[in-house]
Amino acid sequence: MSQHLKQSWPYPELVAHRGGGTLAPENTLAGFREGIRYGYRAAECDVKLSADNVCFLLHDDIVDRTSNGQGEAKLKTMAELSMLDAGGWKGAAFAGEALPTLANVAAYCRAQDMLLNIEIKPCPGRFEETGRLVAQEAARLWAGAAVPPLLSSFEIDALRAAQAAEPALPRAFLCEDIPANWREILRELDCVALHCDHHALTAELARDIKQAGYQLLCYTVNDTADAERLLAWGVDSLCTDRLDLLPARR
């Protein structure tokens, strides 16, 4: 699977960050609906584990910023998490929006033919089990899909656990600054791509990564000039918050 994907990148040039960028509450089904409304065919989201090991969407380790709850996500069961309002902070139109499970998102994305990049986002102390359980759940939910979800993470231990659990699922190493040993990391984890902060990328690094046979995704690109420059360097996909500014492409 991964060797094939290195040759054929199925993801479009523009990917909706956290479902719907800044146009809707992040990591909610409302966000994914916004992505579809703007014509996006792919989205990125953050997935971690509840206290009872349900895969669900949330970026932060605590629920305070993006819900009406308080405290550490890893201490709450999915039943407790599902009672939180994850949309009201963004506006009255989104009040009552739930923290979705990965199963909720899989059903929606598969029905809409929307491709997904799952960022494995472990809570502290849960790197390996999050990588393993998210990979296993993704493999189950996308069984038989023409294009499986792409797993990415900043945490090498989480990616390594995902690789061991479901080696057929494609993986990407996610980094802010590109480390000098990026080749070794990508080779060890049998990744298809490197995902990096667009500020860290140079034309020379982009060329080297592409020549090494890997795909390249940059985050979070919210400016038209930046988008055009990065695509000209050979970047394959851009993750953006500004679905309203960067029109969906092929």
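Fair warning: this is a prediction, and the values are worked out from it, not measured in the lab.

1. A closer look at the packing of helix 5 (residues 127-141) against helix 6 (residues 156-165)
Relative to each other, helix 5 and helix 6 sit at 40°, their axes nearing to 7 Å. When the axis of helix 5 is compared with that of helix 6, the two are oblique. When you trace helix 5 past helix 6, the crossing you get is right-handed. Between helix 5 and helix 6, the residues in contact are Phe127, Glu128, Gly131, Arg132, Ala135 and Gln136 and Asp157, Ala158, Ala161, Ala162 and Ala165, respectively. For the contact of helix 5 with helix 6, the residue count by class is 6 nonpolar, 2 polar and 3 charged.

2. Some thoughts on the packing of aromatic side chains
Across all of its chains, the model carries 2 aromatic pairs by this definition. A centroid spacing of 4.7 Å and a plane angle of 70° characterise the contact between tryptophan 9 and tyrosine 11, whose relative ring orientation is edge-to-face. Comparing tryptophan 9 with tyrosine 11 shows no difference in burial state: the two are buried. Note that arginine 229 overlies the ring of tryptophan 233, its terminal NZ or CZ placed 4.9 Å from the centroid.

3. A short note on the nonpolar core
Residues Phe32, Leu116, Ile118, Leu194, Leu201 and Leu238 are the most contacted members of the largest nonpolar core, which totals 54 residues. In this view, leucine 238 contacts Glu13, Leu14, Val15, Cys218, Val221, Ala227, Leu230 and Leu231; residues no more than four positions away in its chain are not counted. If you look at the next biggest cluster of nonpolar residues, it comprises 13 residues, including Leu174, Ala193, Leu217 and Cys239.

4. Brief notes about the pairing of strand 6 (residues 171-175)
In terms of burial, strand 6 is a largely internal element, 5 of the 5 residues being buried. Covered by surrounding structure in strand 6 are Arg171, Phe173 and Cys175 together with Ala172 and Leu174, the residues of both alternating faces. As paired strands, strand 5 (residues 150-153) and strand 6 are joined by 3 bridges and run parallel to one another. Considered in strand 6, the bridge of serine 153 is made with phenylalanine 173. In the sheet, strand 6 pairs with strand 7 (residues 193-197) via 4 bridges, with the strands oriented parallel. Along strand 7, the bridge assignment pairs alanine 172 with alanine 193. The β-α-β motif built from strand 6, the intervening helix 7 (residues 182-188) and the parallel element strand 7 has right-handed crossover chirality.

5. Examining helix 9 (residues 224-232)
When helix 9 is considered as a whole, its buried residues turn out to be Ala227, Leu230 and Leu231. The arc enclosing the buried residues of helix 9, seen along the axis, measures out at 100°, which places them on a common side. Turned more than 90 degrees away from the buried face of helix 9 sit Ala225 and Ala232, all of them exposed. In this structure, the buried side of helix 9 is in contact with strand 8 (215-219) and strand 9 (237-240). Where helix 9 begins, one side-chain oxygen reaches toward the backbone nitrogen of alanine 225, 2.9 Å away; that side chain belongs to aspartate 223. One or two positions beyond helix 9, positive phi appears at glycine 234, with a value near 100°.

6. Describing the side chain of glutamate 34
Following the sequence through the fold, glutamate 34 ends up in helix 2 (residues 29-37). Once residues within four sequence positions are removed from consideration, glutamate 34 is found in contact with Gly20, Leu23, Ala24 and Leu243.

7. Describing the side chain of aspartate 236
Inspection of the secondary structure puts aspartate 236 in the loop between helix 9 and strand 9. Residue aspartate 236 is classed as buried on the basis of its relative accessible area of 16%. A polar contact is formed between the side chain of aspartate 236 and the side chain of lysine 210, at a distance of 2.8 Å. At 2.8 Å, the side chain of aspartate 236 and the backbone nitrogen of leucine 216 are in polar contact.

8. Quick notes on the packing of helix 4 (residues 102-112) against helix 5
Between helix 4 and helix 5, the least distance of the axes is 10 Å, while the angle of their chain directions is 35°. Taken as a pair, helix 4 and helix 5 cross one another with a handedness that is right-handed. For the pair helix 4 and helix 5, the contacting residues are Leu102, Ala103, Ala106 and Arg110 in the first and Val134, Glu137, Ala138 and Leu141 in the second. A per-class count over the contact of helix 4 with helix 5 returns 6 nonpolar, no polar and 2 charged.

Reading the values: the criteria
- Residues numbered from 1 in each chain as written.
- Predicted model: local features only at pLDDT ≥ 70, side-chain atom pairs only at ≥ 80, totals over all residues.
- Heavy atoms only, no water.
- Axes fitted to C-alpha atoms, helices over the stretch in contact; angles between N-to-C directions.
- Helix = DSSP H or I, 4+ residues; strand = E, 2+ residues; numbered from the N terminus.
- Parallel < 35°, antiparallel > 145°, perpendicular 65-115°, else oblique.
- Left-handed = near helix turned anticlockwise from the far one by under 90°.
- Contact = heavy atoms within 4.5 Å.
- Nonpolar A, V, L, I, M, F, W, Y, C, P; charged D, E, K, R; others polar.
- Phe/Tyr/Trp six-rings, centres within 6.5 Å; stacked < 30°, edge-to-face > 60°.
- Buried < 20%, exposed > 50% of the residue type's maximum accessible area, 1.4 Å probe, protein only.
- Lys NZ or Arg CZ within 6 Å of the ring centre and 35° of its normal.
- Core = buried A, V, L, I, M, F, W, Y, C linked by side-chain atoms within 4.5 Å.
- Pairing = 2+ DSSP bridges.
- Right-handed = clockwise from strand over helix to strand, strands pointing away.
- Arc of directions from axis to C-beta.
- Polar contact = N/O pair within 3.5 Å; in protein donor to acceptor, adjacent residues only side chain to side chain.

Don't take any of this as a statement about function, it's just geometry.
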